[in-house]
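In case you want the letters, here they are:
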Amino acid sequence: MTQQTRDEVGGLLPHDEFRAVGDAIVTNIEQVIEGKTATVQLALAVLLAEGHLLIEDVPGVGKTKLAKALARSIDCSVRRIQFTPDLLPSDVTGVSVYNQETHDFEFRPGAVFANLVVGDEINRASPKTQSALLECMEERQVTVDGVTYPLQTPFMVVATQNPIEMEGTYPLPEAQRDRFTARIAMGYPDAGAELAMLDGHGATDPLESLRPVSDASTVRRLITHVRQIHVADALKRYAVELVTATREAPDLRLGASPRATLQLLRTARAVAALEGRDYVLPDDLQALAVPVLAHRIIPTADAQLARRTTDTIVADLVHRLPLPQEHRRSSYDTRPTTDSGRARYEPRRA
Amino acid sequence: MISQRNLGLVAAAATLLAAAPLSAIFDRSTWLFQSTIAVAVVAAVAALARLGRAPRWGQVLAMLGGLLLALTWLFPSGAELLGVVPTPATIGHFGALAEASLVDMRTHRVRVPDTDPLLFLTVLSIGGIAVLVDLMTVGLRRPALAGLPMLAVYSVPVAVYVDSVPPLPFVIGAAGYLWLLAADNVDRVRRFGRRFTGDGRGVDGWEASPLAAAGRRLAAVGVAVAVLLPLAVPGMTGDLLDRFGSGTGEGAGGAGRGTASQVDLFSALQGQLNQGEVTDMVKVTTNESEPFYLRFGTADQLRSDGFRARPPSGTAVNREFGPTVPDREGITRSRYRATVEVTESFDMPLLPVYAEPVQFKLNGRWSYDPNQQVLFSNRERSSSKRYEFEYVRSTYSPTALRQARPLPTEHSLRRQTAAPTVPEVEALVDELTQGQSTEFDKVRAIYDHFATENGFSYALSTEGGTGGQEIVDFLTNKVGFCQQYAAAMAWLVRAADIPARVAFGFSTGTKSDGDTYVLTNRNLHAWTEVYFDGFGWVPFDATPAYGVSGSVRSDWAPDLDAEEEEVTPGPSTTAGPAGSGSGTNPNQAEEGLEEELSGQPSGTGTPTRTGSSWLWAVGALALLLLLTAPALQRSALRRRRSGRRMPSAVPAGVATGGASSGDHRMMVLADADRARADAHAAWDELLDTLVDFRQQINGAETPRATASRLARDTFRADTEATSAVRLLGRAEELARYAPDPHPGEPLLPALRRVRAALVAGSDRRTRLLAAALPPSMVLRWRGAVADASARLMSSYGRFRAATLRWSPRRLLTDRHPR
Ligand SMILES: Nc1ncnc2c1ncn2[C@@H]1O[C@H](COP(=O)(O)OP(=O)(O)O)[C@@H](O)[C@H]1O
Ligand SMILES: [Mg+2]
């Protein structure tokens, strides 16, 4: 274990340096994935927010590619698990085997012992195996035969999943998805990007030639930096209000968890840092609401019948929720004080 | 479309309802039928125009055209094509009608008969109002504004009926307005689709939302107050002479403004009198101990509709005038000197003088008419004038007056002082003068007839006209005030073939100090003057003395109601100088008058009189203030915000950044606070400016999003404005969310740049509105009002809950649970 503790990492990076590293990684990945800058940036932000990423989309839109490219761009340990129905939990976590030579049990680490774990087609594995991975994601440690092994830092799982129903798949239960910080959809590339893909990827796979532009220790420093990004009190309140709104929305059966609130704010910090800011904006929270919250919530049957996706429901909430009266009201702000819009979203307490 | 048509119909009906107050003006309801036709035509034409999807101006043109056709049909000149198509002759006819209506307004008193000119004017006005109301309600969707033209109708009877406004028509008018507002509101609600209650029952569009209940209640209270307030306040203290005019509210402004040769004395006076409160008009200082009335006007032309003034004619005052009649036995003459100071409130082309002035200290632009005994000018007005004159006071002994002979038939005065024949008057005069041999005895017989013992009494509340029928009415009812007494006596005297006329002036006012009398509008008075051959014009005041503040009697025309013994020789003050405002020594006469005037007993002696016209002036002023207040407040707010020192650069303290010394940190913090406040001020100003220029504001939008939306949608190519608005957005976002709030660029120029871009990008109406009635301020006020009423409602709810808790029923049920 040559793992650095967080304290050994330096303090706040100059914004420019942070931004330079971030840009380098994004540019690097973009050599492989055409026309998906926002998606790529979000993936990086989730890494820097110490979260896990779920990429959910139809086959063949570059999900695996994105996960691999991200892993390649950072010089760190990468493991890839191709989930299949016969994959065992021990394949994920590791197993103790008897060593003939030492006459002792020795731990053989599973696939999660890496900085970046690419779990491809996670919905093909049995629920048991899925749970094993999800346990690790949350605990950031593995316990086998009573011995606890910590995972590496950074540790990020990038799982891909296919939403189209297919024979022999076990789609992640909604409650389990809460472990993922963000869910992103790749979406089809636009015509120009697809054309560029044909030119660049027709003959050779550019993934082969992709060089790492950063390393694990740099990423750790970046993560430390992200943790220190300033969040105004008003924005914390706003985040809470946003999450509370999902719990109270009439369209939703299950709202977002407090974990979601935490991760929303963390990701917002990362996004702010990637944009070279040392403070979070409500715009960050608004932009992240759908990727961070939408996959955790369950719409009511009515909303499903009305074909309202969780994405549109969350986007709607964001659109309607007024910003908090952030600052001490300036003496020049003579707007009426009652803000009925706010009151509606106030959590109901007995 | 359908809703628009409905709204148009409601607008038409509301206009007619709002016209209800006019019923108090007209004797019959012809005006209503004709106005209904005109309004119906306007509404129908408007509906047709909308059906044809005519633009707003097209609708207005169509409505005006419809109104013209309706007027042509109702008031034909005979030269129309097919009876409805106007020709140039029709237009000329309309012009003549409009002109004649001005005359009619002056000659008729309320309630006016159905004369074509007056009907024309009424139908034209109501039709015009119908066009305006339709435009505001349907075209502009501003039904609240439609209240203004409707209010114009309201003001007509208020101006005419100075002291008693019949309330019912106003309630009807207000109901029309409320209906209009409600219809518009329902229409707005309907556009959102059907409403349902919680239990799934469909709600009829007319069923008001429960949320609207509070608003409705407020509106109802407002209307009630508006209708009741003018009634509760003591009416116009009205004096006397206002009743001479026919009064359709036009007189004061119109006629009073002319030169002396065209002035309509009655109307001009009415204008003066319409000022409800007691105003000082004239201060006069004289060395005469008991001066008779100060006079300024004469009405000696008598037609069947009453007395009126003739244009005066005379010579410039810079010469000495001799007495009009030679000295003779029985006339005592003394010369006095008087100084007059006219206040601003007495504004006429006439100046008050005592009878028989002989010498003036006054500029040559004023002339004196020795026949009418009036001082007039065609170039100057009386307001704020100060002048001196010497005058001769004649007193006559009754014995001497008895010697006056009948005026020779060829005397020029004879022709001027003929009276139209009214049989009742002739009969009364014959009866009164029977057996009276001398001219004076005939006049005294007539004068004596007006005594209390003959049943005559004083009351201001009667309607006063001086036409033949009114005089007969007065002689029958025997209740009236000075106008009727003066005119009736003059008429009777003329009927007895003796020249008589009505004089206008001031009764003797309050003696303020020394020899100075203060005369107010309450001293305005009218009396009779009778011409005796060889004696000239001799005054007789037939009005009961208790009705006149500062009444003066003489021994040739004594106070008929006083005890015989009290009549002293020479002019005597029977009522004494009476105070109008001071009321230090209120005698019976004054008290009586005050009761007449205010309609309530004058208890304290310091009456505060506010007439309805005064109310109107205050109302108009308040309205004006209310209208300009938002603009004023807005610009004050902008100045205050701009007055903040907007951050221009990152201060050095922050640039060095560190937290090395506590002192230093404090400085940085304070600086950051200021930068924050500046940015907030700039942002608030930006938001208000956006509201003013009808840009959308969204509470869920971040400053950055607002800035980029503006840059994208509003400013587009204007790169300067784009970067300015982005700077403002960034400054606000830093101030709100960043640890270091310094934007590094000055905000004030950016603010100006954005405003300029908004001004350039909006139409004229928006610009005008932003300057005159800034929507941001209006919204703010509305919000404040809503807050206040919500608070009121909730505290009322709490109060109710609290009282319910102590209600006996509740207590009982608590004690005996089921
Ligand atoms: N936006 C894209 N840019 C570049 N290549 C793409 C993109 N989308 C799909 N591809 C290509 O499509 C192929 C399928 O990608 P893959 O990641 O295996 O799909 P998935 O995992 O979503 O099924 C890859 O060869 C990849 O190069
Ligand atoms: Mg794949």
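Cut-off values and rules
- Here the residue numbers are simple positions, counted from 1 along each chain's written sequence.
- Whichever chain is written first is A, and whichever ligand is written first is 1; the rest continue in order.
- Local features in this predicted model are restricted to residues whose pLDDT is 70 or higher, and side-chain atom pairs enter the listing and the counts only when it is 80 or higher, whereas totals over whole chains, interfaces and linings include all residues.
- Excluded from the side-chain calculation are hydrogens and water; included are all heavy atoms of the structure.
- Aromatic pairs are defined between Phe, Tyr and Trp rings, using the six-membered ring for Trp, whenever the two ring centres lie within 6.5 Å; interplanar angles under 30 degrees are classed as stacked, those over 60 as edge-to-face, and all others as tilted.
- To sort residues, take the accessible area from a 1.4 Å probe on protein chains only and compare it with the maximum for the residue type: under 20% means buried, over 50% means exposed, and anything in between is partly exposed.
- Charge-over-ring contacts are defined here by two conditions on Lys NZ or Arg CZ: a distance within 6 Å of the ring centre and an angle within 35 degrees of the ring normal.
- One heavy atom within 4 Å of a molecule or strand is enough for the residue carrying it to be called near that molecule or strand.
- Pairs of N or O atoms within 3.5 Å make up the polar contacts considered here, provided that, within protein, one atom can donate a hydrogen while the other can accept it, and that residues adjacent in sequence are counted only when both atoms are side-chain atoms.
- What counts as a helix is a DSSP run of H or I of at least four residues, what counts as a strand is a run of E of at least two, and both are numbered from the N terminus.
- In the scheme used here, Gly and all other residues not listed as nonpolar or charged are polar, with Ala, Val, Leu, Ile, Met, Phe, Trp, Tyr, Cys and Pro taken as nonpolar and Asp, Glu, Lys and Arg as charged.
- A pairing counts as a salt bridge when a side-chain nitrogen of Lys or Arg comes within 4 Å of a carboxyl oxygen of Asp or Glu.
- At least two DSSP bridges between two strands are needed for those strands to be called paired.
- Here an angle of 0 to 180 degrees is reported between the N-to-C directions of two axes, which are lines fitted to C-alpha atoms, with helices fitted over the stretch in contact.
- We call two residues contacting when some pair of their heavy atoms lies within 4.5 Å.

1. A word on the packing of aromatic side chains
Residues and elements named next belong to chain B.
Here comes step 1: Inspection of the entire model under this criterion finds 35 aromatic pairs over all chains.
Here comes step 2: Centre to centre, the rings of Phe389 and Tyr391 are 5.7 Å apart; their planes meet at 50 degrees, and the pair counts as tilted. Residue Phe389 shares its accessibility class with Tyr391, and that shared class is buried.
Here comes step 3: Each member of the aromatic cluster is reached from another via a ring pair, and the members are Phe321, Tyr336, Tyr354, Phe360, Tyr368, Tyr387, Phe389 and Tyr391.
Here comes step 4: One cation-aromatic arrangement involves Arg501 over Trp537; the distance from NZ or CZ to the ring centre is 3.9 Å.

2. Some thoughts on the site of ligand 1
Residues and elements named next belong to chain A.
Here comes step 1: In the region of ligand 1, 14 residues are neighbours, and Glu34, Gly60, Lys63, Thr64 and Lys65 sit closest.
Here comes step 2: In this structure, an oxygen atom belonging to ligand 1 sits 2.7 Å away from a main-chain N or O atom of Gly60.
Here comes step 3: At the level of secondary structure, the elements contributing two or more residues to the shell around ligand 1 comprise helix H3 (63–73) and helix H7 (191–201).
Here comes step 4: Element by element, the count of residues in the shell around ligand 1 is highest for H3, at three residues.
Here comes step 5: Looking at the shell around ligand 1, its residues break down into seven nonpolar, four polar and three charged.

3. Quick look at the pattern of salt bridges
All names here are of chain B.
Here comes step 1: Counting across every chain of the model gives 44 salt bridges over all chains.
Here comes step 2: We note a salt bridge from Asp134 to Arg50, for which the minimum N-O separation is 3.1 Å. Of this pair, Asp134 sits in helix H5 (residues 116–139) while Arg50 sits in helix H2 (residues 30–51); the two residues are 84 residues apart in sequence, bridging distant segments of the chain. Arg50 shares its class with Asp134; the two are buried.
Here comes step 3: With a closest N to O distance of 3.9 Å, Arg730 and Glu745 form a salt bridge. Residue Arg730 is located in helix H22 (residues 719–737), and its partner Glu745 is located in the loop between H22 and helix H23 (748–761); the two are separated by 15 residues in the primary sequence.
Here comes step 4: Residue class for Arg730 comes out partly exposed when judged on its relative accessible area of 35%.

4. Description of the sheet that holds strand E7 (residues 315–316) of chain B
Residue and element names in this part refer to chain B.
Here comes step 1: What the four strands build is an open sheet, ordered E7-E12-E13-E9; its pairing is antiparallel. Each edge of the open sheet is held by one strand with a lone partner, namely E7 and strand E9 (350–351).
Here comes step 2: As paired elements, E9 and strand E13 (residues 374–376) share two bridges and run antiparallel to each other. Paired with Leu350 across the bridge in E13 is Phe376.

5. Examining the sheet that holds strand E3 (residues 78–82) of chain A
All names here are of chain A.
Here comes step 1: The strand order across the open sheet formed by five strands is E3-E6-E9-E1-E10, and the pairing between neighbours is parallel. Since the sheet does not close on itself, it has two edges, and those belong to E3 and strand E10 (182–184), each with one partner. Shown here is a sheet whose adjacent strand axes are inclined to one another by a mean of 15 degrees, direction ignored.
Here comes step 2: The strands touched by H3 within the sheet are strand E1 (53–56), E3, strand E6 (116–120), strand E9 (156–161) and E10, with E9 carrying the most contacts at an inclination of about 165 degrees.

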